[in-house]
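Summary of structural features
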Amino acid sequence: LHKPVGAIFISHWHDDRTGGLTYFEKKKIPIRMNIRTAEAMEAHGLKVPSFDALSDDGYEMLANQRLQYFYPGPGHTTDNMVFFLENGGVLFGGCLVKSMEATGMGYIDDANLAEWPNSIRRLQIRFPGANTFIPGHQAWGGPELLTHTLDLLAKAQQK
């Protein structure tokens, strides 16, 4: 987009979300994450960069856009946050939300399978205006991604 990066928002502690943070830290680009993420990084021996702590529920203005952040509860990890751009109805669900291409839950060693459905339901309630969902991997879609994630969780819990 040839635009400067104003800030980096981290959804959870796994290296597919935190890898490369030292680069952004060296470039003096603000890093924003929940304290749970910093604690999980530290507990797993990862370097915690300088960061601005996000509360469990809040927002900030970015380039005249309101970006909401929200901790719906445990799921893929204990710290997964989501981000919602109100203008456009785009929810960045990270690895908490599965794409339609997903046929299983993926990496679940750090997951809370029992609470994950509740966290998805909190998203459905909290962001009824969301119409585009960006999962952690693969293609984006609509609200059907949340239903698909719940279906995959039900199958995973039956095993």
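Reference entry: report on the structure contained in this document. (Residues numbered from 1 in each chain as written. Predicted model: local features only at pLDDT ≥ 70, side-chain atom pairs only at ≥ 80, totals over all residues. Heavy atoms only, no water.)

The next subject is the pattern of salt bridges. Applying the stated rule across the entire model yields eight salt bridges. Between aspartate 52 and arginine 32 there is a salt bridge, and its shortest N-O distance comes to 2.8 Å. You can see aspartate 52 sitting in strand 3 (residues 52–54) and its partner arginine 32 sitting in strand 2 (residues 31–34), a full 20 residues away along the chain. Judged by its relative accessible area of 39%, aspartate 52 is partly exposed. Aspartate 56 is the partner of arginine 36 in a salt bridge, and the nearest nitrogen-oxygen pair spans 2.6 Å. A residue pair is termed long-range when its members are at least 10 positions apart, and arginine 36 in helix 3 (residues 35–43) and aspartate 56 in the loop between strand 3 and strand 4 (57–62) qualify at 20 residues. Taken together, the shared-partner salt bridges in this structure form one network comprising Arg32, Asp52 and Glu60. (Salt bridge = Lys/Arg side-chain N within 4 Å of Asp/Glu carboxyl O. Helix = DSSP H or I, 4+ residues; strand = E, 2+ residues; numbered from the N terminus. Buried < 20%, exposed > 50% of the residue type's maximum accessible area, 1.4 Å probe, protein only.)

Let us look at the packing of helix 4 (residues 116–126) against helix 5 (residues 144–158). Where helix 4 contacts helix 5, the axes come no closer than 10 Å and their chain directions differ by 165 degrees. If you check the angle between helix 4 and helix 5, you find them roughly antiparallel. Note on packing geometry: the crossing formed by helix 4 with helix 5 is left-handed. Counted together, Trp116, Pro117, Ile120, Arg121, Leu123 and Gln124 of helix 4 and Leu146, Thr147, Thr149, Leu150, Leu153 and Gln157 of helix 5 form the full contact between these two elements. The residue makeup of the contact of helix 4 with helix 5, split by class, is seven nonpolar, four polar and one charged. (Axes fitted to C-alpha atoms, helices over the stretch in contact; angles between N-to-C directions. Parallel < 35°, antiparallel > 145°, perpendicular 65-115°, else oblique. Left-handed = near helix turned anticlockwise from the far one by under 90°. Contact = heavy atoms within 4.5 Å. Nonpolar A, V, L, I, M, F, W, Y, C, P; charged D, E, K, R; others polar.)

The next subject is the environment of glycine 6. Within the fold, glycine 6 resides in the segment before strand 1 (8–9). When the C-alpha positions of glycine 6 and isoleucine 29 are compared, they lie 6.5 Å apart, and in sequence the two are 23 residues distant.

With that settled, consider the sheet that holds strand 2. Pairing within the open sheet is parallel, and its three strands lie in the order 1-2-3. Edge positions in the sheet fall to strand 1 and strand 3, since each of these pairs with one other strand and no more. Pairing of strand 1 with strand 2, which is carried by two bridges, proceeds in the parallel orientation. Among the inter-strand pairings, isoleucine 8 is bridged to a residue of strand 2, identified as isoleucine 31. (Pairing = 2+ DSSP bridges.)

Taking strand neighbours across the sheet as the criterion, the five strands line up as 4-5-6-7-8 in an open arrangement whose pairing is mixed. Taken across any chain shown, the strands that pair with only one partner, and hence form the sheet edges, are strand 4 and strand 8 (132–135). Across the sheet, the mean angle separating the axes of adjacent strands is 20 degrees when strand polarity is ignored. By the bridge criterion, three bridges tie strand 6 (residues 82–85) to strand 7 (residues 90–94) in an arrangement that is antiparallel.

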